[in-house]
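Fold and contact review
One-letter residues, chain by chain:
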Amino acid sequence: MLSGSSDKPIARNSGRISEFEAQKPRLLRLCYRMLGSLSEAEDILQEAWLRWSSVQAEVATPAAYLTRIVTRLCLDQMKSARARRETYVGAWLPEPLMGTIEPNETVSDDITMTLMLALERLSPLERAAFLLHDVFEVALSEVATALDREPTAVRQLAVRARKHVESGRQRYHVDPEEADRIARAFFAASRDGDTAALTRLLAADVELRSDGGGRVLAYPNVIHGMDRLLRLFAGLSTKAYFEPVLLRTAIIDGLPGYVSSDRGGVLQATALDVRNGRIAAIYMVRNPDKLRHVAATLGM
């Protein structure tokens, strides 16, 4: 009797571990998409595990239960995150999620850096409703339970969110070879200040966002238009005392890109939003706090 009784918690905990591990990749993507930070997403998963492992009752649907846990933890985290954004120095970009150029290693939920920025315009509840229902395909009734709202209210949240992010969700497919070619061509042209090559690569209304977080030099405002970027890169090439080094090409939040050691030895992850064969937006993450996972991947 005593032996059998003591075995139950061990068996339950073993089951809890396997159920959590099975859901962990999906939960990590959900947390990251909610927060825009891989490090914060990992913290949420640690807290979710503590709560999950302490549940005494049997859970009929672990996936739904765990989704509720991490969604509510993310909503709480977003309140403090939004307060921090108000005092953030310069432009804010999501922490880059990097995969190799191989398509089977990219993020499978089809969300790009462009859409991540569009999601920033949503309220926390709208963002949660959109991600859960439209991206992770959670049933509306389960979304309502996770958000502690009526299904009709959740449907309205999702509809409003969909309208806000419609343009950002438009995806232009770039095959791996083309992604690698564009990333390498842009790196070389921007490094050398090659205005002729940049003119062939950039869209007329291209924009550049650079996130240094106040930690390293970055452009504090969004730079709009090809002409301004041509002058910018041409000027940088004449002032360079340290030539940027391409470390690797990559898929960064679903977009072609690369990681480089920039002027001054600053690590930089650059994602390129390519539309109709031209670069429509350039996203440069330079904040070292946001590049720890990238640096670890590179063994730095």
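None of the values given here were measured: they were computed from a predicted structure.

It is worth spelling out unusual backbone geometry at this point. Glycine aside, a negative phi is what most residues show, and trans is what most peptide bonds show. In this structure, Asp253 takes a positive phi of about 50 degrees despite not being glycine. As for its placement among the helices and strands, Asp253 is situated in the loop between β4 (245-252) and β5 (255-261).

Once that is clear, we can look at the side chain of Asp211. Tracing the backbone shows Asp211 in strand β2 (residues 202-211). Within the local environment of Asp211, its side chain forms a polar contact with the backbone nitrogen of Leu93, the two atoms lying 2.9 Å apart. A distance of 3.1 Å separates the side chain of Asp211 from the backbone nitrogen of Gly213, its partner in a polar contact. The residues touching Asp211, leaving out its near neighbours within four places in the chain, are Tyr88, Ala91, Trp92, Leu93, Ala218, Met284, Val285, Arg286, Asn287 and Lys290.

Before going further, it helps to examine the packing of helix α5 (residues 124-135) against helix α7 (residues 151-165). Packing of α5 against α7 brings their axes to within 8 Å, and their N-to-C directions diverge by 90 degrees. Here α5 is positioned roughly perpendicular relative to α7, judged by the angle of their axes. Counting all contacts with α5, which are made through Leu125, Glu126, Ala129, Phe130, His133 and Asp134, the residues of α7 involved are Val154, Leu157, Ala158, Arg160, Ala161, Arg162 and Val165.

Before going further, it helps to spend a moment on the pattern of salt bridges. Inspection of every chain in the model, using the stated rule, returns 15 salt bridges. The shortest N-O distance in the salt bridge between Glu19 and Arg16 comes to 3.8 Å. Separated by three residues within a single helix, Glu19 and Arg16 lie in helix α1 (residues 2-35), roughly one turn from each other. Asp180 is the salt-bridge partner of Arg184, the closest N and O atoms lying 3.0 Å from each other. Of the two residues, Arg184 and Asp180 are both situated in helix α8 (residues 176-192); the distance of four residues between them amounts to about one turn of the helix.

Moving on to the side chain of Glu95. In this fold, Glu95 is placed in the loop between α3 (62-85) and β1 (98-99). Put simply, Glu95 is tucked away with no salt bridge, and the nearest opposite charge, on Lys290, sits 7.2 Å away. In this structure, Glu95 is in contact with Tyr32, Gly36, Ser37, Leu38, Ser39, Asp253, Lys290 and His293, ignoring residues within four places of it in sequence.

Its 16 residues place the ends of helix α2 (residues 38-53) 22 Å apart at the C-alpha level, agreeing with the 22 Å of an ideal helix rising 1.5 Å per residue. The complete set of buried residues in α2 reads Leu38, Glu40, Ala41, Ile44, Leu45, Ala48 and Trp52. Buried positions in α2, seen along its axis, are confined to an arc of 145 degrees and lie on one side of it. Projecting away from the buried face of α2 at angles above 90 degrees are the exposed residues Gln46 and Leu50.

As a further point, take the layout of surface pockets. Counted as a void, the largest pocket has a volume near 490 Å³. Considering the residues around the largest pocket, the lining is formed by 25 residues, among which Tyr219, Leu236, Asp262, Arg263 and Arg286 are closest to the centre. Only α8, α10 (226-239) and β5 provide two or more residues apiece to the lining of the largest pocket. In terms of residue count, the dominant contributor to the lining of the largest pocket is α10 (six residues). Per-class residue counts for the lining of the largest pocket are 13 nonpolar, six polar and six charged.

Put simply, the chain has an average pLDDT of 87, and 89% of its residues get 70 or more. The lowest-confidence element of the chain is β1, averaging 74 in pLDDT; the highest-confidence one is helix α9 (residues 195-201), averaging 98. Below a pLDDT of 50 lies the segment residues 1-6, which in the model reaches zero contacts outside its immediate sequence neighbourhood of four places, other chains included. Between residues 100-107, whose pLDDT stays under 50, and residues either more than four places distant or in other chains, the model counts 16 contacts.

On to the packing of aromatic side chains, then. Counted according to the given criterion, the structure contains five aromatic pairs. Ring centres 6.4 Å apart and planes at 40 degrees place the aromatic pair Phe186 and Tyr258 in the tilted group. Taken together, the positions of Phe186 in helix α8 and Tyr258 in strand β5 put the pair 72 residues apart, joining distant regions of the chain. Relative accessible area serves as the criterion here: at 0%, Phe186 is assigned to the buried category. Overall, the relative accessible area of 2% leaves Tyr258 in the buried class. Here Arg16 stacks its cationic end above the ring of Trp52, 4.7 Å away from the centre of that ring.

What counts, and where the lines are drawn
Residues numbered from 1 in each chain as written. Predicted model: local features only at pLDDT ≥ 70, side-chain atom pairs only at ≥ 80, totals over all residues. Heavy atoms only, no water. Helix = DSSP H or I, 4+ residues; strand = E, 2+ residues; numbered from the N terminus. Polar contact = N/O pair within 3.5 Å; in protein donor to acceptor, adjacent residues only side chain to side chain. Contact = heavy atoms within 4.5 Å. Axes fitted to C-alpha atoms, helices over the stretch in contact; angles between N-to-C directions. Parallel < 35°, antiparallel > 145°, perpendicular 65-115°, else oblique. Salt bridge = Lys/Arg side-chain N within 4 Å of Asp/Glu carboxyl O. Buried < 20%, exposed > 50% of the residue type's maximum accessible area, 1.4 Å probe, protein only. Lys, Arg positive; Asp, Glu negative; His and termini not counted. Expected span 1.5 Å × (residues − 1). Arc of directions from axis to C-beta. 1 Å grid on protein atoms, 1.4 Å probe; cavity = no way out; pocket = protein on both sides within 12 Å on 5 of 7 lines; lining within 4 Å. Points joined across faces, edges and corners; volume = space filled by probe spheres on them. Nonpolar A, V, L, I, M, F, W, Y, C, P; charged D, E, K, R; others polar. pLDDT = per-residue confidence, 0-100. Phe/Tyr/Trp six-rings, centres within 6.5 Å; stacked < 30°, edge-to-face > 60°. Lys NZ or Arg CZ within 6 Å of the ring centre and 35° of its normal.

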